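Survey of secondary and tertiary structure
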There are 2 protein chains.
Amino acid sequence: MTITIIGLGLIGGSLGLGLRQHGLASRLIGLEANPAYARRALELGLVDELAADLPAAVAPADLVVVAVPMDAMVTLLPQVLDLITDQQIVIDVGSTKGNLLAAVAQHPRRRRFVAVHPMAGTEYSGPDAAVRGLFEGKTLVICDAEASDPAAVATVEALFRALPMRVTHLGAADHDLHTAYVSHISHLTSFALALTVLEKERRGEQRIFDLAGGGFASTVRLAKSAPATWVPIFRQNRDNVLDVLDEHLHQLHQLRELLRQEDYAGLAAAFEKANAIKKIIP
Amino acid sequence: MTITIIGLGLIGGSLGLGLRQHGLASRLIGLEANPAYARRALELGLVDELAADLPAAVAPADLVVVAVPMDAMVTLLPQVLDLITDQQIVIDVGSTKGNLLAAVAQHPRRRRFVAVHPMAGTEYSGPDAAVRGLFEGKTLVICDAEASDPAAVATVEALFRALPMRVTHLGAADHDLHTAYVSHISHLTSFALALTVLEKERRGEQRIFDLAGGGFASTVRLAKSAPATWVPIFRQNRDNVLDVLDEHLHQLHQLRELLRQEDYAGLAAAFEKANAIKKIIP
């Protein structure tokens, strides 16, 4: 199968490595808007060759993967669908689905498009962030599969199961709500935590980080994430993120109030309740 | 050197393993209030033998390590100092120092006590959480060393350098402020994040965790921490934690406002500022 990957960053690049590793692509074509990234992707072997432009990238592909930041995705996906025949398949690998699916809902080639979200990533970005095995054992969410040709869905499922990934199905609205809870809010709190501590450091507390241990590193890790990736995700999923953020602020204010009132039994009860996360994240 | 460890949980137990591994204790005595923990600590070889009570635990020791939760520490440390000669040394390994040092400031044996905080831990607790190598390469903070006998400080420094740990010095007030920033606040945000998501799950969104990836696991990890460990830390460091929490809430509210107003340039600028954490936590 000839596969074209548009966008050779963390996700697109890691997918290229995975497809090659498992012998899933006979020919791997890349398209990347940033020339330095494009050269680097070729050096790193993320793809076999680079296409000159969008039509040249799409024409030979059995499957086109669109792996660009979410705002660009909403603009680019309809352009890719404009270029394909009814034998080709297009997937996105984006982190939000509602606006994206609305943007192609009426497209004549809509049924050749399968919306997927591989639930994997790191805080790094660009072709140098691409890592072999990023998707192994992770979950692929397919959204609104009923709007796609069953044969196209089956091809995409088989491809990702071979990486190997678990495959699950969700409606686009549920997907966007759930990812706000289990991914997007974690990034916002991590950015805010970094800003909190950096603000203190700015005031001359240079030694504050001497004491930073594993717990701090773990909660602040996502604050290294690229604004170019994450601002578009928050833009596309704004309403859900605001709802979840308000719930999170409510929980933080409650903990603050327990501490302020020296209600340590109440604080212990809240922490015990939070401990239930053990059952879920082993 | 005969060393007694009072409290055989994550920190006390891991210290026992480290002291044994590096041949730093000729005899390792334990005292543990929870009988099941005491038996388990012996089974796991965290110490060589168990003492029957506090006087029996303290009498033979060249060095006594007090490794109990912070509230118990403030009560227990003066009792241990009551029992020692001016040849013995006592250390605590607690996460907060201000109240603890105030509790022993006037004690006749104050100079035989050295306040230390090994900056290492995990989200687990009890003797089964003890791990070999927990302290290796980490930082030991010695607080208000000028209030201790120089020879006692030198003995304690040499012991921890042999684990091996880096040793640094801080005043108790600075220590408590800095740990609020780089440890305590991370735990509070993680507890609040867990509560946020669990609240959603409670309302019937059972599948929400199917999508949880590495980012969520990393930010929510500390929410598995034991209330019995953390409530006393927040109680002892309440004022600093409230100050840092207010700064964190301010940062979260600012991000919320940028998103609400769809000020995506402002959001990108805030995230870029947060990215500076890369220089600090590599």
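The structure this text deals with has already been given above.
Reference entry: report on the structure contained in this document. Each chain carries its own residue numbering, running from 1 in the direction its sequence is written. Chain labels run from A onward and ligand labels from 1 onward, assigned in the order the entries are written. Under the rules for a predicted model, residues below a pLDDT of 70 receive no local features and side-chain atom pairs below 80 are neither given nor counted, while totals for whole chains, interfaces and linings still include all residues. Side-chain measures here rest on the full set of heavy atoms in the structure, leaving out hydrogens and waters.

Turning next to the sheet that holds strand S1 (residues 2-6) of chain B. Residue and element names in this part refer to chain B. If you trace the eight strands from one edge of the open sheet to the other, you get S3-S2-S1-S4-S5-S6-S7-S8, paired in mixed fashion. With partners counted over all chains shown, the strands left at the sheet margins are strand S3 (49-50) and strand S8 (166-170), one partner each. In this sheet, strand S6 (residues 113-118) lies alongside strand S5 (residues 89-92) in parallel orientation, the contact comprising three bridges. Looking at S6, one finds that Ile-91 is bridged to Val-114. Only when DSSP finds a minimum of two bridges between them are two strands counted as paired. Runs of H or I in DSSP of at least four residues are treated as helices and runs of E of at least two as strands, each being numbered from the N terminus.

Quick look at the interface of chain A and chain B now. Working rule for contacts: check all heavy atoms of both residues, and any pair within 4.5 Å makes them a contact. Contacts between chain A and chain B engage 85 residues on the former and 85 residues on the latter. Carbon and sulfur atoms make up 72% of the area that chain A and chain B hide from each other, which totals about 8200 Å². Only one rule defines a salt bridge in this text: a Lys or Arg side-chain nitrogen within 4 Å of an Asp or Glu carboxyl oxygen. Here Arg-256 of chain B makes a salt bridge to Asp-246 of chain A, at a shortest N to O gap of 2.5 Å. N or O atoms closer than or at 3.5 Å make up a polar contact, with two conditions inside protein: a donor-capable atom paired with an acceptor-capable one, and, for residues adjacent in sequence, both atoms drawn from side chains. Inspection of the region where chain A meets chain B yields 18 residue pairs in polar contact (both at pLDDT 80 or more). Looking at the side of chain A that touches chain B, the elements that each hand over two or more residues are strand S7 (139-143), strand S8 (166-170), helix H7 (172-202), helix H8 (214-220), helix H9 (227-236), helix H10 (238-260), helix H11 (264-274) and helix H12 (277-280) of chain A. No other element matches the 22 residues that H7 of chain A contributes to the side of chain A that touches chain B. Residue classes follow a fixed rule: Ala, Val, Leu, Ile, Met, Phe, Trp, Tyr, Cys and Pro count as nonpolar, while Asp, Glu, Lys and Arg count as charged, and any other residue, Gly among them, counts as polar. Class assignment for the residues of the side of chain A that touches chain B results in 47 nonpolar, 19 polar and 19 charged. Summed over both partners, buried area is the accessible surface (1.4 Å probe) that two parts give up on being assembled.

Turning to the relation of the copies chain A and chain B, a few remarks are in order. For the pair chain A and chain B, the superposition axis carries a translation of 0.0 Å, the fit reaches an RMSD of 0.0 Å, and the rotation angle comes to 180°. The transformation just described matches what one would write down for a two-fold rotation axis. Rotation axis and chain A: the residue whose C-alpha lies nearest the axis is Thr-219 of chain A, separated from it by 2.2 Å. A share of 100% of the interface residues of chain A reappears at the interface of chain B, consistent with the copies meeting face to face through the same patch. Here the copies are matched by least squares. The fit uses the C-alpha atoms of residues with pLDDT of at least 70 in both.

This brings us to the nonpolar core. In this description, a nonpolar core means a group of buried Ala, Val, Leu, Ile, Met, Phe, Trp, Tyr and Cys residues linked to one another through side-chain atoms lying within 4.5 Å. The classification of residues rests on relative accessible area computed with a 1.4 Å probe and restricted to protein chains. Under 20% of the type maximum is buried, over 50% is exposed, and intermediate values are partly exposed. In terms of nonpolar packing, the biggest core is built from 140 residues, with Val-80 and Leu-255 of chain A together with Leu-255 of chain B touching the most fellow members. When sequence neighbours within four positions are dropped, the list of residues in contact with Val-80 of chain A reads Ile-6, Leu-54, Val-58, Val-64, Val-66 and Val-90 of chain A. Core analysis: the next-biggest nonpolar cluster, separate from the first, contains 38 residues, Val-47, Ala-67, Val-153 and Val-156 of chain A among them.

Attention now goes to helix H10 (residues 238-260) of chain B. Taking 1.5 Å per residue as the helical rise, H10 of chain B with its 23 residues ought to reach 33 Å, and the 32 Å between its terminal C-alpha atoms agrees with that figure. Once H10 of chain B finishes, Glu-262 of chain B follows within two positions and takes phi at roughly 55°, a positive value. What a helix is expected to span follows from its residue count: subtract one and scale by 1.5 Å.

A few words on unusual backbone geometry. Comment: phi is negative for the bulk of residues other than glycine, and the bulk of peptide bonds are trans. Between Leu-163 of chain A and Pro-164 of chain A the backbone carries a cis peptide bond, its omega angle lying at -5°. Position of Pro-164 of chain A among the secondary structure elements: in the loop between helix H6 (150-161) and S8. Unlike most non-glycine residues, Asp-144 of chain B shows phi in positive territory, near 50°. Position of Asp-144 of chain B among the secondary structure elements: in the loop between strand S7 (139-143) and helix H6 (150-161).

Limitation: the analysis is restricted to geometry and does not speak to function.
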